[in-house]
Amino acid sequence: MAQDICPVRPEPTFSFTQGLILGQLSVVLLVAAFIKFFIFGDLQSPEVTASVRATERKARTLAHKKSLLSLRTSNPRQTLQQPTLNKKKSSILRPSPPTLTIGAILNKTYYKVDSHQPESLDWFNVLVAQTIAQFRSDAQHDDAILTSLTKAINGNSRPDFVDEIRVTELSLGEDFPIFSNCRIIPVDEDGLDFGPGKAFDADKAMRDGTRLQARMDVDLSDMITLAVETKLLLNFPKRLSAVLPVALAVSVVRFSGTLSISFVPSNPSENTPTKMTFTFLDDYRLDFSIRSLLGSRSRLQDVPKIAQLVESRLHQWFDDRCVEPRFQEIALPSMWPRKKNTRGGDETIHDMERSMSKAKGVEAAKDVREDAGKEVDIGTDGRADTTQDTVRYRRPRPRAEDAFTMPGSMPGINLEVPT
């Protein structure tokens, strides 16, 4: 009998209603915490953020230099002479002069690395300003830059939850960058400048892999804006379950830094051309102005965390491409004068004459066509009443001298057809 009695089950502590209320309350608290700390959280001032980023870049650059120095200590490099090509030399040409060292180049150009004053680069600023002004003018009359940006943004790497991105605003600015304080400094083959404890020997610089590097300060204060809009798609539990419109506008308001340019000589044995490398030092300053808009009815405008996230991604993109120790390398074409690259002189006059004669020929042909059209109209009006004489109703009339032979008639007898 004792085994047939069912044990008494303990009653739940919370009822269904209490559990539902507790679950809803936890969800509300999580949403409130997300909105408070992620969307409306307090951000650091731009000065503090810039200082933190500069410290991180400086630490990364120092770590790179230390790793290079440790590799040099563990694996000392040996000076390798490039093998000379055993080609038959011409007996007509004079023997080529010896290769100029960096010391000889500096002496022949009257440039002293230690005492030469930095240059202002005013002439260079004028040339750059003309180039940028022409680029902006071409962009206003052609949609090529807008089409290229749209294709680049809507690339193959666009995730599935992002709809097509459309460019709504594009402003290339009105001001121009100012280059100043240009100076020439020697750097080693890895791009590291000589420290205060290491002397620079101009005569041995070429053998040690040392090259000259130009450094100049760059300053730009402008408003270069790119605005886009898209939609965030929620494809769970089914496709297009929810849609969130998003609008974003990013503006570059200030850039200042140090640009470094150097040339890498060609290597005939490896068939490599002369290259130009450029990079920015880690002490640059890049300020953005970011505006955002979320939603269609209940809109959230200028969310701070979104601005911080976008700005961090832009800085990371710039650092990964052209901030030391990374650099951009461009192969230079041959500077030897060629006929196909020649412009100006008599050829320009001949081209203008050909274009003018072509234009006159087009105008003359147009006048002939207009005169012919007028004559056709006049002829059509004159033949309006004689429809029987038109080409459609006209029949060939036999002439008097035309003779026809009647089958079965006697030879020599002709029948004249009356006209």
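Quick caveat: nothing in here was measured; it's all calculated off a predicted structure. (Residues numbered from 1 in each chain as written. Predicted model: local features only at pLDDT ≥ 70, side-chain atom pairs only at ≥ 80, totals over all residues. Heavy atoms only, no water.)

1. Points about the overall build of the chain
Then step 1. Counting its regular elements, the chain contains seven helices and ten strands.
Then step 2. Taking all 419 residues of the chain together, the buried fraction comes to 19%.
Then step 3. Taking all contacts inside the chain whose residues are at least 6 apart in sequence as the whole, residues at least 24 apart take part in 72%. (Helix = DSSP H or I, 4+ residues; strand = E, 2+ residues; numbered from the N terminus. Buried < 20%, exposed > 50% of the residue type's maximum accessible area, 1.4 Å probe, protein only. Contact = heavy atoms within 4.5 Å.)

2. Digging into the confidence of the model for the chain
Then step 1. When pLDDT is averaged along the chain, the result is 77, and 69% of the positions lie at 70 or above.
Then step 2. Counted against residues more than four places away or in other chains, residues 79-85, with its pLDDT under 50, gives two contacts.
Then step 3. Low pLDDT, under 50, characterises residues 384-395; the predicted model gives this stretch four contacts beyond four residues in sequence or across chains. (pLDDT = per-residue confidence, 0-100.)

3. Some words on the packing of helix 2 (residues 46-74) against helix 6 (residues 304-322)
Then step 1. Running from N to C, helix 2 and helix 6 cross one another at 25°; their axes reach a closest spacing of 13 Å. In terms of orientation, helix 2 lies roughly parallel with respect to helix 6. Read as a crossing pair, helix 2 and helix 6 show a hand that is right-handed. When helix 2 is examined against helix 6, the residues Arg53, Arg57 and Arg60 are found in contact with a partner set consisting of Glu311, Ser312, His315 and Asp319.
Then step 2. Residues of the contact of helix 2 with helix 6, tallied by class, amount to no nonpolar, two polar and five charged. (Axes fitted to C-alpha atoms, helices over the stretch in contact; angles between N-to-C directions. Parallel < 35°, antiparallel > 145°, perpendicular 65-115°, else oblique. Left-handed = near helix turned anticlockwise from the far one by under 90°. Nonpolar A, V, L, I, M, F, W, Y, C, P; charged D, E, K, R; others polar.)

4. A closer look at the pairing of strand 4 (residues 242-264)
The side chains of a regular strand alternate, first on one face of the sheet and then on the other.
Then step 1. Here strand 3 (residues 211-234) pairs with strand 4 via 20 bridges, running antiparallel. Bridge pairing links Asp217 to Thr258 in strand 4.
Then step 2. Summarising the sheet, strand 4 and strand 5 (residues 275-280) pair through six bridges and their orientation is antiparallel. Considered in strand 5, the bridge of Leu259 is made with Phe280. (Pairing = 2+ DSSP bridges.)

5. Examining the packing of aromatic side chains
Then step 1. By the definition in use, this model includes seven aromatic pairs.
Then step 2. Judged by centre distance (6.1 Å) and plane angle (35°), the rings of Phe255 and Tyr284 are tilted. Note that Phe255 is positioned in strand 4 and Tyr284 in the loop between strand 5 and strand 6 (285-294), a separation of 29 residues in sequence.
Then step 3. For Phe255, a relative accessible area of 11% corresponds to the buried category.
Then step 4. On the accessibility criterion, Tyr284 (3% relative accessible area) is buried.
Then step 5. When the centroid spacing of 6.0 Å and the interplanar angle of 80° are considered together, the rings of Phe255 and Phe318 count as edge-to-face. One end of the pair, Phe255, is in strand 4; the other, Phe318, is in helix 6, and 63 residues separate them in sequence.
Then step 6. Aromatic rings pair up to connect Phe255, Phe280, Tyr284 and Phe318 into one cluster. (Phe/Tyr/Trp six-rings, centres within 6.5 Å; stacked < 30°, edge-to-face > 60°.)

6. Some remarks on the pairing of strand 3
Then step 1. In this sheet, strand 3 lies alongside strand 1 (residues 166-171) in antiparallel orientation, the contact comprising five bridges. Residue Arg166 lies in a different strand from strand 3, and its bridge partner there is Glu229.

7. Quick notes on the side chain of Thr230
Then step 1. Mapped onto the elements, Thr230 comes out in strand 3.
Then step 2. A distance of 3.4 Å separates a polar atom in the side chain of Thr230 from the backbone oxygen of Glu164.
Then step 3. With residues up to four places along the chain from it excluded, the contact list for Thr230 reads Val162, Asp163, Glu164, Ile165, Leu244, Pro245 and Val246. (Polar contact = N/O pair within 3.5 Å; in protein donor to acceptor, adjacent residues only side chain to side chain.)

8. Things to note about a nonpolar patch on the surface
Then step 1. Among the surface-exposed residues, Val27, Val31, Phe34 and Ile35 lie close enough to one another that they form a single nonpolar patch of about 330 Å² accessible area.
Then step 2. Structurally, the position occupied by Val31 is in helix 1 (residues 16-39).
Then step 3. The class of Val31 is partly exposed, set by a relative accessible area of 44%. (Patch = residues over 30% accessible without salt bridge, like charges linked within 9 Å, V, L, I, M, F, W, Y side chains within 5 Å. Areas by Shrake-Rupley, 256 points an atom, 1.4 Å probe, with all protein chains shown as cover. Salt bridge = Lys/Arg side-chain N within 4 Å of Asp/Glu carboxyl O.)

9. Focus: the environment of Phe124
Then step 1. Relative to the helices and strands, Phe124 resides in helix 4 (residues 122-141).
Then step 2. Take Phe124: its relative accessible area is 28%, and that puts it in the partly exposed class.
Then step 3. Sequence spacing of Phe124 and Phe179 is 55 residues, and the spatial spacing of their C-alpha atoms is 7.6 Å.

10. Details of helix 4
Then step 1. With 20 residues, helix 4 extends 29 Å between its outermost C-alpha atoms, agreeing within 8% with the 28 Å of an ideal straight helix rising 1.5 Å per residue.
Then step 2. Taken as a whole, helix 4 has its buried residues at Asn125, Val128, Ala129 and Arg136. Buried residues of helix 4 fall within an arc of 105° about the axis and therefore sit on the same side. More than 90 degrees from the buried face of helix 4, the exposed residues found are Trp123, Gln130, Thr131 and His141.
Then step 3. Its buried side turned inward, helix 4 meets strand 2 (178-187) and strand 3. (Expected span 1.5 Å × (residues − 1). Arc of directions from axis to C-beta.)

11. Looking at unusual backbone geometry
In most cases, non-glycine residues show a negative phi, while peptide bonds are predominantly trans.
Then step 1. For the bond running from Glu324 to Pro325, omega is 10°, close enough to zero to count as cis.
Then step 2. Here the phi dihedral of Asn181 falls at roughly 55°; this positive angle occurs in a residue that is not glycine.
Then step 3. Its relative accessible area of 30% is what places Asn181 among the partly exposed residues.
Then step 4. With phi around 55°, Leu240 is a residue other than glycine that occupies positive phi space.
Then step 5. With respect to the helices and strands, Leu240 occurs in the loop between strand 3 and strand 4.
Then step 6. Leu240 sits in the partly exposed class, given a relative accessible area of 46%.

12. Some remarks on the nonpolar core
A general feature of soluble globular proteins is that nonpolar side chains tend to end up buried together.
Then step 1. By size, the foremost hydrophobic cluster in this structure holds 20 residues, and its most contacted members are Phe179, Met216, Phe255, Leu259 and Phe318.
Then step 2. Beyond its immediate sequence surroundings of up to four residues, Leu259 is in contact with Phe179, Ala214, Arg215, Met216, Val218, Phe278, Thr279 and Phe280. (Core = buried A, V, L, I, M, F, W, Y, C linked by side-chain atoms within 4.5 Å.)

13. Concerning the side chain of Thr258
Then step 1. Among the secondary structure elements, Thr258 is positioned in strand 4.
Then step 2. Polar contacts involving the side chain of Thr258 include one to the side chain of Asp217, which spans 3.5 Å.
Then step 3. Apart from residues lying up to four places away in sequence, Thr258 is in contact with Arg183, Arg215, Met216, Asp217, Thr279, Phe280, Leu281 and Asp283.

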